[in-house]
Every structure is written in C-alpha cells, then in structure tokens.
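The chain contents come next:
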Amino acid sequence: MGYRYALSFLALISLSQCHLDPCFYNCEERSYDLTHPVYEGIPAYPGLYYLAYDMTLAFEFPEPSFLLAFNYTISGLGGTSLTAPAAFFPNSREVHEIPFTQLTRVEGRVIDISDQVKLNPNYEATVDDIVCNENEYGCFAPGTVVIFYTGWASRWPNQERVFGLEGLLGLDLLPIDYNYPGISEEAARYIASQPNVYGVMIDSPGVDSGAVPIIGFDIYKSSRILARENKYIVQNVNLECTLPNINLKIYILPLYVLGGTSAPCRIFAHVCQDQCPVPALPPAPPPPPPPPHKSFDNSGYVDPDDYFRVRPRVSSPTRIEHPNLPPLNLHRTFRRESDSAPIV
C-alpha cells in the first residue's frame, strides 16, 4: 500500500515540474514544412553554385544482400540554411553554440512586406514595417524569431530568378547586381536591440538586399549588426504557405556542426487553431490514516448511545414515562427569598 502511494507521489512531482505547453493540447492543428528540398542544382550563391550539393554512389549490392549508400557533399549556404553570428562577427556563437532552446518551440512573428517587394525587388524592410506589426499584434514575446515574408519563395528553384540575375522587375535585361529583398540597417538595429528576439528568418537569399555592391567592405551591414548581438539568420525559407501571427511555433533544426558558421537546416511551423484547456492533473490519492497512538488508553470511553440504553430508568419531573417508578426529583426544593424577584 505504501509503495503505491510513493509511486503516485513521485508521478505528481514529475508532472508538476513539466512545462505543459497548451499548443500540444489543441482540438485542431496544422503543421508546415518551411524547408526547400536539397537536390543537385539547388539555387546557391554563384560562387558556390557548383559546390552547393553533390551526391555520389558509395555502395550498391544486389539482393539478397541488398545495400545502397551515397556520399553527400553540401554547402553550409546551400538551400534553406542557418547562418551563425560567428560568420559576420568574431568571437560570436558558432552553429553548435546556439542554445537548443533558441531554435525549437520559439514564437514566430510574421512581417509581410510582399506588397512593397512587388514594386521594388530590392526593398529593405524598415523600422516602420516592424512597428506597424507590433501595433497590430503586440510587442515581441520572449523567445521570438522574426519572419520576413517577401514572396520570394515562389521563385524557387530558378537560380536566376532567386538571385534576380534576369534583370530588374523580372525583365530580360543585362544584370547589374543581385536583386532580392532584405532588411535595412535601421531595422536590423531595432531587432538587435530586442532581448526577446533570438533571430531572423527570411525567404530571400539573405537579410542584406541585392542592392548592396557585390564587392565592397559594407556588403553585409545588416548581417553584421545582428551578429554583434548574437542573433542568428535563416535564409531561403520556404514561405509559400500562409502563416498567422497567433499561436505560431517554429522549430529550426540545423546540422550539429562543430565550429561551423553556417549549416543546412530543416524548419517546421506548428499552428494551433483552437486552444483547448490543458488537461488537469489527476487528483492526488487520499493520505493513509495515521496509526493509533499506543500510549493512549480509551478503554473507559462509553458511547453516548450505549449510555442512554443502560442509564437508570427513572421518570422525568415533567413527563412520567414510567408511572411505577419514583420521579427524578425526590426532594422538595426550598428557594430563598433573595432568589425571587421583587413584586412591583
């Protein structure tokens, strides 16, 4: 008996220490894969285009000892990938140093700038875009990753269209620079100053727009500003689905590369539709009754019911229950004059 109570007590302690996320107890839920598939010829920076991904056959044996294995070579910036702060700022976090709690089950905040990008493919998100989003959905909650939706994911898997090498506004003109959207330096400083923000996600090749010069010292200004405050960047996110700003959980799973500055990653989004109450913990079992104290002797105790059954059978002064028995008041009572009230 005591063993079962001990197990129940330990179970209640373990449940009380767990953080029950209501997102996992909902009536309806939707999950999305925000990752572009990896294959030969995936869009990548022109300098890494032929080295972005390669697959060669390692072993192939027929039946009955069937075995098929491949060797894979992939760039850290190929496809949907995470860039650690160490890529742009010295002595910052590398891929393996980013806390796991800042990558999984983080709050997602989507900022839609697709309308501005339709007019200007090199549009850079501004502080006003972020402030307008906060005015509508509130300030950034603790543990938030900011997601910039530009509509650029629809250009995959065309290498020229992803990097805007076909010319401005989609025209077949001679390419001058890269053409893709990003975020401005002021917006990067605003995000970097937010302690509740862990990182930035964008569906274009990077947070620095294609308007910056290809060769130059200030080519990655926005990235350096974010890296200085240990904010990671996830680029080439597959945002062809519509994500809300309510009950949105993001899971970022990069390759666990020791000493790496970037790594391919898999990203999932979990949207809670209708919140249901978190199931209550099971009621605690009643405590066992305490054992009787051995030094206490109650052998002289008489139950009231037993007392009335064995009491002397006498008549009451006001009601004669047994006429053959003498009344309870056998003696006359003499009252003193001082006990009686004066006659007025």
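Residues numbered from 1 in each chain as written. Predicted model: local features only at pLDDT ≥ 70, side-chain atom pairs only at ≥ 80, totals over all residues. Heavy atoms only, no water.

Caption draft 1: Helix 3 (residues 127-137), seen in detail. Within helix 3, burial applies to Asp129, Ile130, Asn133 and Glu134. Take helix 3 and look down its axis: the buried residues cluster within an arc of 135°, on one side only. Pointing more than 90 degrees away from the buried face of helix 3 are the exposed residues Asp128, Cys132, Asn135 and Glu136. Trailing helix 3 by a residue or two, Gly138 shows a phi angle of about 95°, which is positive. (Buried < 20%, exposed > 50% of the residue type's maximum accessible area, 1.4 Å probe, protein only. Helix = DSSP H or I, 4+ residues; strand = E, 2+ residues; numbered from the N terminus. Arc of directions from axis to C-beta.)

Caption draft 2: Region of the structure containing the environment of Ser114. Structurally, the position occupied by Ser114 is in helix 2 (residues 114-119). Between the alpha carbons of Ser114 and Trp152 there is a distance of 8.2 Å; along the sequence they are 38 residues apart. Not counting residues up to four positions away in its chain, the partners in contact with Ser114 are Tyr149, Thr150 and Gly151. Among the polar contacts made by the side chain of Ser114, one reaches the side chain of Asp112 at a distance of 2.7 Å. (Contact = heavy atoms within 4.5 Å. Polar contact = N/O pair within 3.5 Å; in protein donor to acceptor, adjacent residues only side chain to side chain.)

Caption draft 3: How the structure looks around the pattern of salt bridges. Here the structure, examined in full by the defined rule, presents four salt bridges. Two residues, Asp33 and Arg266, come together in a salt bridge whose shortest N-O distance is 2.7 Å. With Asp33 in strand 1 (residues 29-33) and Arg266 in strand 12 (residues 262-272), the pair connects residues that are 233 residues apart, well separated along the chain. With a relative accessible area of 42%, Arg266 lands in the partly exposed category. Here Arg189 and Glu185 are joined by a salt bridge, their closest N and O atoms 3.7 Å apart. (Salt bridge = Lys/Arg side-chain N within 4 Å of Asp/Glu carboxyl O.)

Caption draft 4: Looking closely at the packing of helix 5 (residues 185-192) against helix 6 (residues 221-228). It is the contact of helix 5 with helix 6, at a shortest axis distance of 9 Å, that shows an interaxial angle of 10°. For the element pair helix 5 / helix 6, the angle class is roughly parallel. For the pair formed by helix 5 and helix 6, the contact residues are Glu185, Ala188, Arg189, Ile191 and Ala192 on the first element and Lys221, Ser222, Ile225 and Leu226 on the second. Within the contact of helix 5 with helix 6, the residues separate by chemical class into five nonpolar, one polar and three charged. (Axes fitted to C-alpha atoms, helices over the stretch in contact; angles between N-to-C directions. Parallel < 35°, antiparallel > 145°, perpendicular 65-115°, else oblique. Nonpolar A, V, L, I, M, F, W, Y, C, P; charged D, E, K, R; others polar.)

Caption draft 5: Highlighting unusual backbone geometry. Following Glu63, the chain continues to Pro64 via a peptide bond in cis, the omega torsion being 5°. Tracing the sequence through the fold places Pro64 in the loop between strand 2 (53-61) and strand 3 (67-74). Omega for the peptide link from Trp156 to Pro157 comes to 5°, which places this bond in the cis form. As for its placement among the helices and strands, Pro157 is situated in the loop between strand 7 (144-149) and helix 4 (159-162). Unusually for a residue other than glycine, Asn91 sits at a positive phi of about 60°.

Caption draft 6: A look at the environment of Gly164. On the secondary structure map, Gly164 appears in the loop between helix 4 and strand 8 (182-183). Considered as a pair, Gly164 and Gly210 are 46 residues apart in the sequence and their alpha carbons are 8.0 Å apart.

Caption draft 7: Highlighting the side chain of Gln235. Looking at the secondary structure, you find Gln235 in strand 10 (residues 232-235). Residue classification places Gln235 among the buried residues on the basis of a relative accessible area of 5%. Within the structure, Gln235 has its side chain in polar contact with the side chain of Ser81 (distance 2.9 Å). In terms of polar contacts, Gln235 uses its side chain to reach the side chain of Thr83, at 2.8 Å. The residues touching Gln235, leaving out its near neighbours within four places in the chain, are Leu77, Gly79, Thr80, Ser81, Leu82, Thr83, Ile202, Ser204, Pro205 and Gly206.

Caption draft 8: The packing of aromatic side chains, seen in detail. In total, this model carries three aromatic pairs according to the counting rule given. Plain terms: the ring middles of Phe59 and Phe61 are 6.4 Å apart, the flat faces sit at 15° to each other, and that makes the pair stacked. Ring plane angle 55° and centroid distance 5.3 Å describe the contact between Phe88 and Tyr220, whose orientation is recorded as tilted. With Phe88 in the loop between strand 4 (81-83) and strand 5 (106-112) and Tyr220 in the loop between strand 9 (197-202) and helix 6, this pair connects stretches of sequence that are 132 residues apart. Under the relative-accessibility criterion, Phe88 is labelled buried at 18%. Under the relative-accessibility criterion, Tyr220 is labelled partly exposed at 29%. Cation over ring: Arg155 sits above Trp152, and NZ or CZ is 3.8 Å from the ring centre. (Phe/Tyr/Trp six-rings, centres within 6.5 Å; stacked < 30°, edge-to-face > 60°. Lys NZ or Arg CZ within 6 Å of the ring centre and 35° of its normal.)

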